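# Structural overview
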Amino acid sequence: MKAAVSVMDISKAWGTYAALTNVSFDVAPGEVVALLGPSGAGKSTILRCVNHLDTITAGRIYVHGSLIGYSERSDGLYELSDVEISRQRQSIGMVFQSFNLFRHLTALQNVMSGPVHVLNMPKDKARQIALNLLEKVGLGQKGDSYPSQLSGGQQQRVAIARALAMSPKVMLLDEPTSALDPELAQEVVVTIKALAEEGQTMLIATHDMGIARDVADRVIFMESGRIVEDGPSNEFFASPRSDRAKQFLSRISAH
Amino acid sequence: MTMVTSHIATASELPIIHRRRWGSWLLGAAALLLVATIVAAGIQARILDLPVFLDYLFSPLILTGALNAIVLGTLALLIATAIGFVAALMRVSGNLILVALSSTYVYLFRGTPMLIQLIFWFNAVPIMFKTITIWLPFMDAPLVSMPTTAVVTPFIAALAGLSLAEGAYMSEIIRGGILAVDQGQRAAARALGMTQKKVLQQVVIPQAGRIIIPAAGNQYIMLLKSTSLASAVGYLELLRIATDIYSSNFRVVELLAVAAIWYLVMTAFATALQTTLEKLFPQR
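Residues numbered from 1 in each chain as written. Chains lettered and ligands numbered in written order. Predicted model: local features only at pLDDT ≥ 70, side-chain atom pairs only at ≥ 80, totals over all residues.

Applied cut-off: UniProt positions are given in the numbering used here, feature names are shortened, and annotations may be inferred rather than shown by experiment.
Going by the annotation in an unreviewed UniProt entry, the name recorded for chain B is Amino acid ABC transporter permease, with Microvirga puerhi given as the source organism. Database annotation for chain B, UniProt heading Sequence similarities (unreviewed entry): "Belongs to the binding-protein-dependent transport system permease family. HisMQ subfamily."

Shown next as structure tokens:
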């Protein structure tokens, strides 16, 4: 079966600093993969490369068979135009640590923004989709609220609805619960778990062991821009193979 | 135990007495006295002849001057905003040539007095270019060809001078507004699949717009008052008309007061406009 996301031997450097070094992995359709590891391991950078918000210095990334950000010619990979890259991003949803809801728009307008301004969908139809999605994330009553009037957990659920409004084939979640207190984080985890059960393909960079253990099918453990360990989530938590992962898990469970 | 309870009871019964700020009261009284003295001296000296003042306040000439000032100031603000927007986009474009051009424009037009720029447009440009000629490709004769003095009227010179000088200030204000929009907002818009143009239209401009409204309102007020500089190139705005009148009847104080009153009215109008816009487009 064709992979939903195929990361092939990518590297990324900022000057002499290697953010990612020869990273490769596949995500199968419907699979939920958690990227774990200490801060600075390169988890978020991978996500930002998958939708070409950051550019890679080597390797290639495919999402559902299409090469992201470049067109391949005999003598090299040529970066695509703004319009072409934007079209690729339409089927890749992204959720950010700091929510990044458009703060001049209401929750409903935020969710409608993709369908209306990117897909040129009629507003009535977009509104219906947005209302359904807000209902789905448990915020049916909050459509007219501005982001500043919502709690962090609510904002993040609106942000998830905004990404879902584009019916993405793949969702990238960049530390979706890191900016939230444990109680608010829990409501976001519940939302993400419901998506996983519906078969949404997700790649989640996280520090939240609840997500990695209970939601993810697979864990990729990283350090210093390299993959240290890659395996089923239950195996990773029950018996991590690498010493580094053992150390990481023992420090977390000490809390 | 009883000791403590009674102690607390006594503590809450006693009223709290705030410290009187005698010093600031005295200072306020002294300031009022000073103002009263100046006003009384002014009235005693009869510097302002009230009937004459009221006569000119609503005279058609003065009202025309005020209207001309509003037209000039408002048009100049609109043009300056357009120029400033383009210059600001050039400045944040990251394109070295565009950045250099935009920075040079801001430096030159913000760095020289507005008055010099106005006089330059009116007096120097017609000397430098005797005729204005516009050629279109594939045409044997020019589309437009006329003496520069016929094109550069006092109004055009004043409008060009004020717009270009103000455009430099507006470009810095707009650039500040654009930079104040959080990078995360742009990243979210691009992640949805918006092109750079859409990101600008749907996210950056609406948010930067709200940020720049107070500063733009401030510039509008400054510009309405700066229209008085156009008196130097003979444009019949408020100050020019007031000075023309008092140079024949010597009612200097009354006419300057009349002009000042109308500038205050314009400023009140601009302030109200700014407040309304801020309420319509609040920063969230």
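## Brief notes about the overall build of chain B
The test is simple: Numbering of helices and strands starts at the N terminus; helices are DSSP runs of H or I of at least 4 residues and strands are runs of E of at least 2. Radius of gyration: C-alpha atoms only; globule rule: 2.2 Å multiplied by the number of residues to the exponent 0.38. The contact criterion used is a C-beta to C-beta distance within 7 Å, with each C-beta placed from the backbone.
Helices and strands together make up the secondary structure of chain B, namely 12 helices and 2 strands. From first element to last, N terminus to C terminus, chain B shows the α and β order α-α-α-α-α-α-β-β-α-α-α-α-α-α. Against the globule reference of 19 Å for 284 residues, chain B gives a C-alpha radius of gyration of 28 Å, more extended than a compact globule. In terms of overall dimensions, chain B has a C-alpha envelope of 110 × 70 × 30 Å along the principal axes. Relative to all contacts within chain B whose residues are 6 or more apart in sequence, the contacts with residues 24 or more apart total 73%.

## A closer look at the UniProt feature "transmembrane region" (unreviewed entry) in chain B
The positions UniProt marks with the feature "transmembrane region" (unreviewed entry) are residues 22-44, 56-79, 115-138, 144-165 and 255-277 of chain B. Here residues 255-277 of chain B is 100% helix and 0% strand, with 33 Å between the C-alpha atoms at its ends.

## Notes on the packing of helix α3 (residues 107-117) of chain A against helix α4 (residues 123-136) of chain A
Residue and element names in this part refer to chain A. Note the cut-off: In this analysis an axis means a line fitted to C-alpha atoms, helices contributing only their contacting stretch, and an angle means the value between N-to-C directions, from 0 to 180 degrees. Here the angle decides the label: under 35 degrees means roughly parallel, over 145 means roughly antiparallel, 65 to 115 means roughly perpendicular, and every other value means oblique. The handedness criterion is simple: a crossing whose near helix is rotated anticlockwise from the far helix by less than a right angle is left-handed, and one whose near helix is rotated clockwise is right-handed. Following the grouping adopted for this structure description, the nonpolar residues are Ala, Val, Leu, Ile, Met, Phe, Trp, Tyr, Cys and Pro, the charged ones are Asp, Glu, Lys and Arg, and the polar ones are all others, Gly among them.
Remark: α3 packs on α4, axes separated minimally by 8 Å, with the N-to-C direction vectors making an angle of 125 degrees. As summarised for this structure, α3 and α4 are arranged oblique, according to the angle between their axes. The way α3 lies across α4 gives a crossing that is right-handed. Counting all contacts with α3, which are made through A107, L108, V111, M112, P115 and V116, the residues of α4 involved are K123, A126, R127, I129, A130, L133 and L134. Within the contact of α3 with α4, the residues separate by chemical class into 11 nonpolar, no polar and 2 charged.

## Some points on the interface of chain B and chain A
Each side of the interface is counted separately: chain B has 18 residues, and chain A has 23 residues. When residues of the side of chain B that touches chain A are traced back to their parent elements, those giving at least two are α9 (183-192) and α10 (196-226) of chain B.

## What to know about the sheet that holds strand β4 (residues 58-63) of chain A
Residue and element names in this part refer to chain A. Quick reminder of the rule: Here the rule is simple: two strands pair whenever DSSP picks up at least two bridges between them.
As summarised here, the arrangement of the 4 strands in space is β2-β1-β4-β5, forming an open sheet in which the pairing is antiparallel. Both outer strands of the open sheet, β2 (17-27) and β5 (66-67), are each paired with one neighbouring strand and no more. Direction of pairing for strand β1 (residues 5-14) relative to β4: antiparallel, over a ladder of 5 bridges. Pairing of V5 across the sheet is with V63, part of β4. Sitting on the sheet, helix α1 (residues 43-50) touches β1, β2 and β4, and the angle it makes with β1 is about 115 degrees.

## Description of the environment of A29 of chain B
Residue and element names in this part refer to chain B. Threshold: Put simply, a residue is buried when 20 or more other C-beta atoms lie within 10 Å of its own C-beta and exposed when 12 or fewer do; between those, it is partly exposed, and each C-beta is set from the backbone.
Mapped onto the fold, A29 is located in helix α2 (residues 22-44). By the C-beta count within 10 Å, which is 10 here, A29 ends up exposed. For A29 and A158, which are 129 residues apart along the polypeptide, the C-alpha to C-alpha distance reads 46 Å.

## Remarks on the pairing of strand β11 (residues 218-223) of chain A
Across a regular strand the side chains alternate sides, sitting on one face of the sheet and then on the other. Residue and element names in this part refer to chain A. Pairing analysis gives 4 bridges linking strand β3 (residues 32-36) to β11, with the strands arranged parallel. Pairing of L35 across the sheet is with I220, part of β11. As defined by bridge partners, β11 adjoins strand β12 (residues 226-232) across 6 bridges and the pair is classed as antiparallel. Residue pairing in the sheet places E223 in a bridge with R226 of β12. Where β11 folds back on β12, the antiparallel hairpin that results is connected by 2 residues, among which S224 adopts a positive phi of roughly 50 degrees.

## Remarks on unusual backbone geometry
All names here are of chain A. You will see that H52, though not glycine, has its phi angle at about 65 degrees, which is positive. For H52, the position within the fold is in the loop between α1 and β4. Not every positive phi belongs to a glycine, and E175 is a case in point at roughly 45 degrees. As for its placement among the helices and strands, E175 is situated in the loop between β9 (170-174) and α6 (182-197).

## Notes on the sheet that holds β9 of chain A
Residues and elements named next belong to chain A. Taking strand neighbours across the sheet as the criterion, the 6 strands line up as β8-β9-β10-β3-β11-β12 in an open arrangement whose pairing is mixed. On the outer flanks of this sheet lie β8 (92-95) and β12, each paired with one strand and no other. The sheet shows a mean angle of 15 degrees between the axes of neighbouring strands, taken without regard to direction. In the packing of helix α5 (residues 152-164) onto the sheet, the strands contacted are β8 and β9, and the crossing angle to β8 comes to about 170 degrees.

## Focus: the nonpolar core
The condition is simple: For this entry, the nonpolar core is defined as buried Ala, Val, Leu, Ile, Met, Phe, Trp, Tyr and Cys residues connected by C-beta atoms within 7 Å.
Counting 139 residues, the largest nonpolar core has L35, V50, V111, L203 and I204 of chain A as its most contacted members. It is helix α8 (residues 154-180) of chain B that provides the largest number of residues to this core, a total of 12 residues. Beyond its immediate sequence surroundings of up to four residues, V111 of chain A is in contact with A130, L133, L134, V158, A161, R162 and A165 of chain A.

## Notes on helix α2 (residues 82-89) of chain A
We apply this condition: Working definition: the arc comes from the directions between the helix axis and the C-beta atoms, pointing outward to the latter.
Within α2 of chain A the residues assigned to the buried category are I85, S86 and R89 of chain A. Take α2 of chain A and look down its axis: the buried residues cluster within an arc of 105 degrees, on one side only. On its buried side, α2 of chain A packs onto β8 of chain A together with α9 of chain B.

## What about the packing of helix α4 (residues 60-92) of chain B against helix α5 (residues 96-111) of chain B?
All names here are of chain B. In contact at an axis separation of 7 Å, α4 and α5 are set at 135 degrees when each is read in the N-to-C sense. Judged by the inter-axis angle, α4 sits oblique to α5. Like other packed secondary-structure pairs, α4 and α5 cross with a definite hand, here left-handed. The segment α4 lies against α5, with A87, M90 and R91 engaging L98, V99, L101, S102, S103, Y105 and V106. Here the residues of the contact of α4 with α5 sort into 7 nonpolar, 2 polar and 1 charged.

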